[in-house]
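Structural overview
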Amino acid sequence: MFTACQNNSKQDTNFARKPTDDKTDSLLLVYDPAKADQRIDAFMKELHRTRAFNGNVLVAKKGKILYENAIGWADYLHRDSLKLGSQFELASVSKTMTATAILMLMERGKLKLDQNVKDFFPDFPYDGITIKLLLTHRSGLMNYVYFVDNIWKKNHKDERKGITNMDVMNLIAEYKPAPYTQPNRVFHYNNSNFMILGAIIEKVTGKSYAEFMKENVFNPAGMKHTAVYSKAVYDKIPVDVVGHDRGQWRYSVVQNFLDGPVGDKGVYSTVNDLYLFDHALKTGRLLKQQTLDSAYTGHNPAIRGHFNYGYGWRIFDSPGEKVVYHTGWWHGFRHIYLRDLKNDVTIVLLTNLSNGSLLKLDGLFNIVGMPVVRKSAYTGSGETAED
């Protein structure tokens, strides 16, 4: 036991933030709008004009920000404009950070990927579901969002007060909703997987998901404007950016009880902080390279020959090319976060007007010299669910 504690302590120190990191990160975020890439600027203005893009954007290549901008409204009703420091609910982009935390706990010897959920929650009503199956969306579970929503509406419960991950785990244990399919049979993307991973983080560490993420992911990565906000803790989420649904301004989304569970969502961040997260991963500040390689490896059959899912990351693979990314879609927010590992390109697009503007990015990919990351651009067999 003494040896194990020594090893864990040493590893924590290896990944601790150093004073020189502040200077490095400050230099990384240096950007002169007068020197913005004019091709990207023209593309984004056209996307705003023709496809109603409304959000924040950052594009970087080889350690230099080529372009960043805040375009449109943070809250259309009150005519508040977006700012570069605006915090967005990251929706499923949060999954990349939850996976990072789980892999961090694995490196520290706190859990194993082949461990069963029942090891942490004995009342969990399903057999054969491991952490690895949750990370890769192969658990076969139902989506808790629909399951819980049906219970709340049927019983006319108060939808204003958020529920916790543990509340959902207790509901699953009580109601035992039918799973979608058997464990490890197919890739079936759904939020239950990462909500449970969030609950496991809390159970293993004895800390709230928000606290653990701040101390172990956000702070070491220099993400000073990133936090976890849950409706189970906050009556009103303390950010100014409002989600607008159905592609129309009049549908501003009111947060409800489903904004309580975290891990599958619930992280709020900025375009700059997501660039710092990218940098922290690339420089080994958070995880070992061997661990990252496993996270960036597809653990499902490839879709259309190029697309896969690893540990909390969507993956585009092609000979000599690899892009890891994630999309997000929740309560009027829609995003895409791309990290081209070969060409060292980072693209962050965070939007709060849920429409199809992020499906029209081919021109941007061509400008920065990276593959087109869009499933319908390729032929091949297989289908997959989207978030």
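Residues numbered from 1 in each chain as written. Predicted model: local features only at pLDDT ≥ 70, side-chain atom pairs only at ≥ 80, totals over all residues. Heavy atoms only, no water.

**Focus on the packing of aromatic side chains**
Filter applied, for reference: Centres within 6.5 Å are what make two rings of Phe, Tyr or Trp a pair, Trp counting through its six-membered ring; a difference in plane orientation under 30 degrees is then read as stacked, over 60 as edge-to-face, and the rest as tilted. Whether a charge lies above a ring is judged from NZ of Lys or CZ of Arg, which has to be within 6 Å of the ring centre and within 35 degrees of the ring normal.
Counted under the stated rule, the structure contains 16 aromatic pairs. When the centroid spacing of 5.2 Å and the interplanar angle of 90° are considered together, the rings of Tyr229 and Tyr234 count as edge-to-face. A network of ring pairs unites the aromatic residues Phe277, Tyr296, Trp313 and Tyr337 as a single cluster. One Lys or Arg, Arg246, reaches over the ring of Tyr251 and ends 4.0 Å from the middle of that ring. When the ring centre of Tyr189 is taken as origin, the NZ or CZ atom of Arg314, which lies over that ring, is 4.8 Å away.

**Details of the sheet that holds strand 6 (residues 227–228)**
This is how the line gets drawn: Think of it this way: DSSP has to see at least two bridges between two strands before they count as a pair. Only runs of H or I of at least four residues qualify as helices and only runs of E of at least two qualify as strands under DSSP, and these elements are numbered from the N terminus.
Taken together, 3 strands build an open sheet; the order of strands is 5-7-6 and the sheet is antiparallel. If you trace the sheet from one side to the other, it starts and ends with strand 5 (88–89) and strand 6, each paired once. One ladder, built from 2 bridges, connects strand 6 with strand 7 (residues 267–269); its direction is antiparallel. Bridged to Val228 within strand 7 is Val267.

**Considering the sheet that holds strand 10 (residues 321–330)**
Heads up, the rule is: Geometry is summarised by axes, namely lines fitted to C-alpha atoms with helices restricted to the contacting stretch, and by angles between N-to-C directions that run from 0 to 180 degrees. Two residues qualify as a contact provided that any one of their heavy atoms is within 4.5 Å of a heavy atom in the partner residue.
Strand order across the open sheet formed by 7 strands is 2-1-12-11-10-9-8, with antiparallel pairing between neighbours. Lying at the two open borders of the sheet, with one neighbouring strand each, are strand 2 (64–71) and strand 8 (307–309). Taking each pair of neighbouring strands and ignoring which way they run, the sheet shows an average axis angle of 15°. Where strand 8 and strand 9 (residues 314–318) come together, 3 bridges link them in antiparallel fashion. Among the inter-strand pairings, Phe307 is bridged to a residue of strand 9, identified as Phe316. Sitting on the sheet, helix 10 (residues 271–282) touches strand 1 (55–61), strand 2, strand 11 (333–340) and strand 12 (345–351), and the angle it makes with strand 12 is about 145°.

**Notes on the nonpolar core**
In plain terms, the rule: Definition used in this section: a nonpolar core is a set of buried Ala, Val, Leu, Ile, Met, Phe, Trp, Tyr and Cys residues joined via side-chain atoms within 4.5 Å. Partly exposed residues are those whose accessible area sits between 20% and 50% of the maximum for their type, while under 20% is buried and over 50% is exposed, using a 1.4 Å probe and protein chains only.
Formed by 115 residues in total, the largest nonpolar core has its most connected members in Met44, Phe124, Leu135, Val148, Ile347 and Leu349. For Leu135, the residues in contact, after removing those within four places along its chain, are Ala99, Ile102, Leu103, Leu113, Phe194, Leu197, Tyr309, Gly310, Tyr311 and Gly312.

**Observations regarding the packing of helix 7 (residues 165–175) against helix 8 (residues 192–205)**
To be explicit about the condition: Note on terminology: angles under 35 degrees are roughly parallel, angles over 145 are roughly antiparallel, angles of 65 to 115 are roughly perpendicular, and the others are oblique. Less than a right angle of anticlockwise turn of the near helix away from the far helix marks a crossing as left-handed, whereas a clockwise turn marks it as right-handed. Note on residue classes: Ala, Val, Leu, Ile, Met, Phe, Trp, Tyr, Cys and Pro are nonpolar, Asp, Glu, Lys and Arg are charged, and everything else, Gly too, is polar.
Where helix 7 meets helix 8, the axes come as close as 9 Å, and the angle between the chain directions of the two elements is 115°. Taken together, helix 7 and helix 8 sit at an angle that is classed as roughly perpendicular. The handedness of the crossing between helix 7 and helix 8 is left-handed. Across the interface between the two elements, Asn165, Val168, Met169 and Ile172 from helix 7 touch Met195, Ile196, Gly198, Ala199 and Glu202 from helix 8. In the contact of helix 7 with helix 8, the residues fall into 6 nonpolar, 2 polar and 1 charged.

**Re the environment of Phe307**
The topology assignment puts Phe307 in strand 8. For Phe307 and Glu89, which are 218 residues apart along the polypeptide, the C-alpha to C-alpha distance reads 25 Å. The residues contacting Phe307, other than those within four sequence positions of it, are Pro301, Ala302, Ile315, Phe316, Tyr325, Val373, Arg374, Lys375 and Tyr378.

Fair warning: the whole summary comes from geometry, so function is off the table for now.
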